[in-house]
Amino acid sequence: MTPLPVAAKSDRPRVDAWPPRKRWWVVGLLKLRCPLCRRGRIFRGAITMNTQCPECRFVFQREPGYFLGSLVIAYVLALAGVTAFAFMAHAVFPALDWEWAFFTGFVLYLPVLPAGFRYARAAWMYFDHWLDPPGP
Ligand SMILES: [Zn+2]
């Protein structure tokens, strides 16, 4: 069995990053900021994550398979988005069958998919940090 990689000393969060900044967590989540310091960006590209916070050096992936839980959030976000777009399509075209309305909703949701991915991962990290806050 391969041992888990141990974070180097520089990978550990900076001591001055604890306790977290007093920014409201909702603002940090909406701006996709680090759940620990709420300053550093989680993503450096459309779907490319930083491995650690550029501000406090907190490692985002706390353990292997850490982001599996974000799939549930991404699923719920996609379900809500497709349903919302389906209702909009049905409102614009009342003669449209519900099957086609949901298919239209699915197609309309596709461009929003990367945003759903980003917010699902960020929401998962915030939820996990609420459940199991990292210590200093
Ligand atoms: Zn940070």
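Given the structure is predicted, the values throughout are model-derived calculations rather than measurements.

Another aspect to go through is the overall build of the protein chain. The secondary structure content of the protein chain amounts to four helices and zero strands. Within the protein chain, the fraction of its 136 residues that count as buried is 22%. When contacts within the protein chain are restricted to residue pairs at least 6 apart in sequence, long-range pairs at least 24 apart make up 46% of them.

Before going further, it helps to examine helix α4 (residues 113-131). Taking 1.5 Å per residue, 19 residues should reach 27 Å; α4 reaches 27 Å between its end C-alpha atoms and fits that length. What α4 keeps buried is the set Phe-117, Ala-120, Arg-121, Ala-122, Trp-124 and Met-125.

Geometrically, a packed helix pair is captured by the angle between its two axes and the distance between the axes. α4 packs onto helix α2 (residues 69-92) with a crossing angle of 135° between their chain directions and a minimal axis gap of 8 Å. Considering the angle they form, α2 stands oblique to α4. The handedness of the crossing between α2 and α4 is right-handed. On α4, the residues that touch Gly-69, Ser-70, Ile-73, Ala-74, Leu-77, Ala-78 and Gly-81 of α2 are Gly-116, Phe-117, Tyr-119, Ala-120, Arg-121, Ala-123 and Trp-124.

The end-to-end C-alpha distance of α2, which contains 24 residues, comes to 35 Å, matching closely the 34 Å that a straight helix rising 1.5 Å per residue would cover. Looking at α2, one finds that the buried residues are Ser-70, Ala-74, Leu-77, Val-82, Phe-85 and Ala-86. Those residues of α2 that are buried lie in contact with α3 (98-109) and α4.

Right, let's talk about unusual backbone geometry for a bit. Even without being glycine, Arg-38 reaches a positive phi, approximately 60°. Exposure remark for Arg-38: the 22 C-beta atoms within 10 Å place this residue in the buried category. One non-glycine residue, Arg-57, lies in positive phi territory at about 65°. Turning to its location among the elements, Arg-57 is positioned in the loop between α1 (25-30) and α2. Arg-57 sits in the buried class, given 20 other C-beta atoms within 10 Å.

With that settled, the discussion passes to the nonpolar core. With 15 residues, the main nonpolar core has Cys-34, Leu-36, Cys-37, Cys-53, Cys-56, Phe-58 and Ala-120 as its most contacted residues. Mapped onto this core, the elements with two or more residues apiece are α2 and α4. Considering each element in turn, this core owes the most residues, five residues, to α4. Apart from the residues within four sequence positions on either side, Cys-34 is in contact with Arg-39, Gly-40, Ile-42, Cys-53, Glu-55, Cys-56 and Phe-58. Counting five residues, the second-largest nonpolar core is a separate cluster that includes Phe-85, Ala-86, Ala-101 and Tyr-109.

What counts, and where the lines are drawn
Position numbers for residues start from 1 in each chain and track the written sequence from start to end. Confidence filtering applies because this is a predicted model: local features only for residues at pLDDT of at least 70, side-chain atom pairs given and counted only at 80 or more, and all residues used for totals across whole chains, interfaces and linings. Per the convention used, a helix needs a DSSP run of H or I reaching at least four residues, while a strand needs a run of E reaching at least two, with both numbered from the N terminus. We call a residue exposed when 12 or fewer other C-beta atoms sit within 10 Å of its C-beta, buried when the count reaches 20 or more, and partly exposed for counts in between; the C-beta positions come from the backbone. What counts as a contact here is a pair of residues whose C-beta atoms, placed from the backbone, lie within 7 Å. A helix is expected to span 1.5 Å for every residue after the first. Only C-alpha atoms enter the line fits that serve as axes; for helices the fit covers just the stretch in contact. Angles between N-to-C directions range over 0 to 180 degrees. For classification, angles of less than 35 degrees are called roughly parallel, those exceeding 145 degrees roughly antiparallel, those between 65 and 115 degrees roughly perpendicular, and all remaining angles oblique. When the near helix sits turned anticlockwise from the far one by under a right angle, the crossing is termed left-handed; a clockwise turn instead gives a right-handed crossing. Core membership is restricted to buried Ala, Val, Leu, Ile, Met, Phe, Trp, Tyr and Cys residues, and these are joined into a nonpolar core through C-beta atoms within 7 Å.

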